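Examining the three-dimensional arrangement
The chain contents come next:
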Amino acid sequence: TPLIFVFFLTLLLLFLALFPGAFNCCMKISEEIPKGILRRVERFEIQKADGLCHLEAVILHMKGKKFCVNPRNRKVRKMMKKMKHKIHRSKSHVRKQRRTRITKQKEQKQ
């Protein structure tokens, strides 16, 4: 029996190595989510219903916690759209500031 135990333990470790996300899937989703939680979301992930995860969900991450919510929820979709817009705007804003700084440095050298 110790040989069988070692065999199954090896299989388990192999499974965990090959499919690390197998135990990170959302198994249940919340239909409603309070606005207070939506305001504290730091980032989100979209879980598709393919491969190892069998449920479509949006995973909201905030300070070490995660919430699985319905991707068809109107509030969640609105929040996702705002977050994508914020990320896009902040990146372009940084680029504009950098270009301005470089242009000013060139003008000062001349």
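An unreviewed UniProt entry annotates the chain as CCL28 protein originating from Phainopepla nitens.

Quick word on the sheet that holds strand β2 (residues 57–62)
Pairing within the open sheet is antiparallel, and its 3 strands lie in the order β1-β2-β3. Of all the strands in the sheet, the pair left with one neighbour each is β1 (43–47) and β3 (65–69). Each adjacent strand pair in this sheet contributes to an overall mean axis angle of 25°, direction not counted. Alignment of β1 against β2, held across 5 bridges, turns out to be antiparallel. Pairing of R43 across the sheet is with H61, part of β2.

Side note on the nonpolar core
I33, V58, L60, V76 and M79 are the most contacted members of the largest nonpolar core, which totals 13 residues. Broken down by secondary-structure element, the contributors of at least two residues to this core are α2 (35–39), β2 and α3 (74–109). Ranked by residues supplied to this core, first place goes to α3 with 4 residues. Beyond its immediate chain neighbours, meaning those up to four positions away, L60 contacts I33, L38, V41, R43, F44, K65, K66, F67, V69 and M79.

Points about the pairing of β2
Most of β2 sits inside the fold, with 6 of its 6 residues counted as buried. Every second residue of β2 is oriented toward a common face, with A57, I59 and H61 on one face and V58, L60 and M62 on the other, all of them buried. Here β2 folds back onto β3, and the loop between the two strands holds 2 residues, one of which, K63, carries a positive phi near 35°.

Side note on the pairing of β3
Sheet topology note: the β2/β3 ladder contains 5 bridges and is antiparallel. Paired with M62 across the bridge in β3 is K65.

Considerations on the state of the cysteines
Evaluation of the coordinates by the stated rule reveals 2 disulfides. In this model, C25 is linked to C53 through a disulfide, with the two sulfur atoms separated by 1.9 Å. Given an S-S torsion of about -70°, the disulfide between C25 and C53 has left-handed geometry. Of this pair, C25 sits in the loop between α1 (2–18) and α2 while C53 sits in the loop between β1 and β2; the two residues are 28 residues apart in sequence, bridging distant segments of the chain. This pair shows no difference in class: C25 is buried, exactly as C53 is. Between the sulfur of C26 and that of C68 lies a disulfide, 2.0 Å long from S to S. Taking the sign of the S-S torsion, about -75° here, the bridge from C26 to C68 comes out left-handed. Residue C26 is found in the loop between α1 and α2, and its partner C68 is found in strand β3; the two are separated by 42 residues along the sequence. Across the pair, C68 and C26 agree in class, each one buried.

Basis of the calculations
- Residues numbered from 1 in each chain as written.
- Predicted model: local features only at pLDDT ≥ 70, side-chain atom pairs only at ≥ 80, totals over all residues.
- Heavy atoms only, no water.
- Pairing = 2+ DSSP bridges.
- Helix = DSSP H or I, 4+ residues; strand = E, 2+ residues; numbered from the N terminus.
- Axes fitted to C-alpha atoms, helices over the stretch in contact; angles between N-to-C directions.
- Core = buried A, V, L, I, M, F, W, Y, C linked by side-chain atoms within 4.5 Å.
- Buried < 20%, exposed > 50% of the residue type's maximum accessible area, 1.4 Å probe, protein only.
- Contact = heavy atoms within 4.5 Å.
- Disulfide = S-S within 2.5 Å.

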